[in-house]
Amino acid sequence: CRANFLQQRSLKEAAALAQQLHRVVLAMGASHQGGEGGGLLAVAAPLLPPQLPTEAPPLKVAVRLRRALAAGWADQVGRRGTSAEKLQALAADGRGGTRAVRYTAAQSADEVYLHPRSALASTAPRFAVYTELLQAEKRAYMSGATAIEAAWLPEVAAPLCQLSPPLEDPPPHYSAAADTVLCWHHVTFGAGSWALPRCQRKHPDAAVRAGCLAAALLSGALLPAWEPLVGSLVAQPASVAHASSRHLPRVAELIDVLVEQKVDSRIRLAAVWAKQPLFLKRQLSGWLRAEARSNLAHLWSELLTQATAAT
C-alpha cells in the first residue's frame, strides 16, 4: 500500500464489503435454486470471489475501469499544463516525480496540481479525472486521480462536449462495422473549449446518409452479390454521394426513395425488402447499361437473400 500510495483501511473496507456481498448472493441463491441454469446462485456467485484479487487487472479490464471513472467524474477533468518536454527535462535532471505537476480544471479553469507522491506522478498523463480537490496552504491537489484518454470524452462525457458541423474532409462514409453512415466532427470540451481528437458520429442528414448507402450498394461494398454489375454502371458509384450530382434524375430518384423509406443501413434495407421485394429494382436498373439490365433480374433474388441472411 505504501509503495502505491493506497490507504490500507479503505482497501480493507472494500474487501469486507465484497465478502459481505458474496455471502448475500450465496444466501439468496440458496432460496432461489429453481429454474433452468441453477437460478441466481449459479449465475451470480462466480462473479463475486470470496477474496479480492491482489494482482493488477488485465489491460482490457483496466481500460474499462478507467472509462467508467471518466464517465462518472466527467465534470472533474484536469488537463496537464506542464509540457511533455519540460517533464522529460526534469526527469533527465533527476527531478522527475519530485515536483507537483500543474493541471487545469475543465469546468472552472482553475489551476490544480498532481501531488508528487501520487501514483501518477511518474507518468503525469495529459488528461486525468479526480474524485475531489484537497486544498493545501498554497494550492489544490487532485485526489483519487485516474489517467484517461481525451478520445473517450466525446462518448463518456457527451453533454460537456461541443461538436462542429459534419466535416466535408474526410467525407462521410458508410461503415459496415457500424452499419450506418458516419461523419467526422471537430470536438471541444468543457468551459475552456479544449480541443479534443476528432470523433465520428452518425451523419445527421438523411439525404447524405441515403447517398452514402447508395454508393456502398452500387460499388458492391454493401452486398457482394452486386459486384458482377459494377462494370456495367453508367456512372461511378461514388457520384451518388456527391451533392453536386443531386440534380441528376437517376441520383435524385434513388436518394428520394431511400429517404422516403428511411433506409440508411443494411438492416433497414433488409426490413423494407422483406415487405416490398421489388423496392429499388427500378431505380437501380436506371444505373445500368441497357444490355446489363437482364443480369439484374437474375441477381435480384440473390441480393434479397444476401441482405436478409446478414441480419
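The structure this text deals with has already been given above.
**Student:** Teacher, can you tell me more about the overall build of the protein here?
**Tutor:** For the protein, the count of helices and strands is 10 helices and 11 strands. Here the protein, with 311 residues, has 37% of them falling under the buried criterion. Pairs at least 24 apart in sequence give 55% of the contacts found in the protein among residues at least 6 apart. With an accessible surface of roughly 18000 Å², the protein has 55% of that area assigned to carbon and sulfur atoms.

**Student:** Just checking my understanding: could you explain the pairing of strand β2 (residues 101-105) for this structure?
**Tutor:** One face of the sheet, then the other: side chains in a regular strand alternate in exactly this way. Where burial is concerned, most of β2 is hidden: 4 out of the 5 residues are buried. As judged from the 3 bridges shared by strand β1 (residues 77-80) and β2, these two strands associate in the antiparallel manner. Bridge pairing in β2 links Arg 79 to Thr 104. Note: β2 against strand β3 (residues 111-114), 4 bridges, orientation antiparallel. Residue pairing in the sheet places Thr 104 in a bridge with Glu 111 of β3.

**Student:** Where do I start with the side chain of Arg 80 in this structure?
**Tutor:** Mapped onto the fold, Arg 80 is located in strand β1. Overall, the relative accessible area of 11% leaves Arg 80 in the buried class. At 2.8 Å, the side chain of Arg 80 forms a polar contact with the backbone oxygen of Ala 124.

Rules used throughout
Residues numbered from 1 in each chain as written. Predicted model: local features only at pLDDT ≥ 70, side-chain atom pairs only at ≥ 80, totals over all residues. Heavy atoms only, no water. Helix = DSSP H or I, 4+ residues; strand = E, 2+ residues; numbered from the N terminus. Buried < 20%, exposed > 50% of the residue type's maximum accessible area, 1.4 Å probe, protein only. Contact = heavy atoms within 4.5 Å. Areas by Shrake-Rupley, 256 points an atom, 1.4 Å probe, with all protein chains shown as cover. Pairing = 2+ DSSP bridges. Polar contact = N/O pair within 3.5 Å; in protein donor to acceptor, adjacent residues only side chain to side chain.

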